[in-house]
Amino acid sequence: MVPTSPSIIVSDTSVLVNFLRIDRMDLIADHSHNFIVTDHVVAEITDHYPDQQSRFAQAQAAGILQQVSITDPAELALFAGLTASGRLGTGECSAIAFASHQGHILAIDDRRASNHARRVSRNLQILTTQDLIVSMIHESLLDVAQADAIKDEWANHHRFRIAVQSFADLIP
């Protein structure tokens, strides 16, 4: 559940790429929370998602995303520890380190990375793409039919699946 008061969400690559692929960064822009990406997430998008680079650059230029560097010694130590295992990508590791030390919300879809994040910080709030879509429905950025159309587009064209028949099942 997304908090009701505006907060900061530190996004991993996976969540951003979902919105970049369908050209819906407007939803991130209009969300009540501010979104941050680390330099490592930016590098992953640049290195691994060439089709999304221009949309990402436009989102940055429009101020939709704030880019940060990990410079705090405690964040750097956690980042180093997470990357040393070799099980997580550098974007995931940097997002976890920054969010946990800054007390921000983490947006991440990878289950293994989420489990690592929970071990690092038991109080860390973690959201998935699905959670963000539900919050966008609550904020009237989307209706259920639009959210379901996005879910279907992800499933049919982008190999990303959300395990619900309809977002109506998630809205109280």
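Here goes a summary of the coordinates provided. All figures in this text were calculated on a predicted structure; none of them were measured in a lab.

**Describing the pattern of salt bridges**
Under the defined criterion, the tally for this structure stands at 3 salt bridges. Residue D26 is joined to R24 by a salt bridge in which the shortest nitrogen-to-oxygen separation is 2.9 Å. Owing to a relative accessible area of 24%, R24 belongs among the partly exposed residues under this scheme. Among the ionic pairs, K151 bridges to D152, the shortest N-O distance being 3.0 Å. On the basis of relative accessibility, which here comes to 9%, the residue K151 falls in the buried class.

**A closer look at the packing of aromatic side chains**
A ring pair, where both rings are aromatic, is described by two values, the distance of the centres and the angle of the planes. Per the counting criterion, the structure on display carries 2 aromatic pairs. A ring pair is formed by F19 and W154, whose centres lie 5.7 Å apart and whose planes are at 90°; its orientation type is edge-to-face. Of this pair, F19 sits in helix α1 (residues 13-21) while W154 is found in helix α9 (residues 144-157), placing the two residues 135 residues apart along the sequence. Judged on exposure class, the residue F19 and its partner W154 are both buried. Ring geometry for W154 against F160: centres 5.3 Å apart, planes inclined by 85°, an arrangement best described as edge-to-face. According to the relative accessible area criterion, W154 is buried, its value standing at 0%. Classification of F160 as buried rests on a relative accessible area of 16%.

What counts and how
- Residues numbered from 1 in each chain as written.
- Predicted model: local features only at pLDDT ≥ 70, side-chain atom pairs only at ≥ 80, totals over all residues.
- Heavy atoms only, no water.
- Salt bridge = Lys/Arg side-chain N within 4 Å of Asp/Glu carboxyl O.
- Buried < 20%, exposed > 50% of the residue type's maximum accessible area, 1.4 Å probe, protein only.
- Phe/Tyr/Trp six-rings, centres within 6.5 Å; stacked < 30°, edge-to-face > 60°.
- Helix = DSSP H or I, 4+ residues; strand = E, 2+ residues; numbered from the N terminus.

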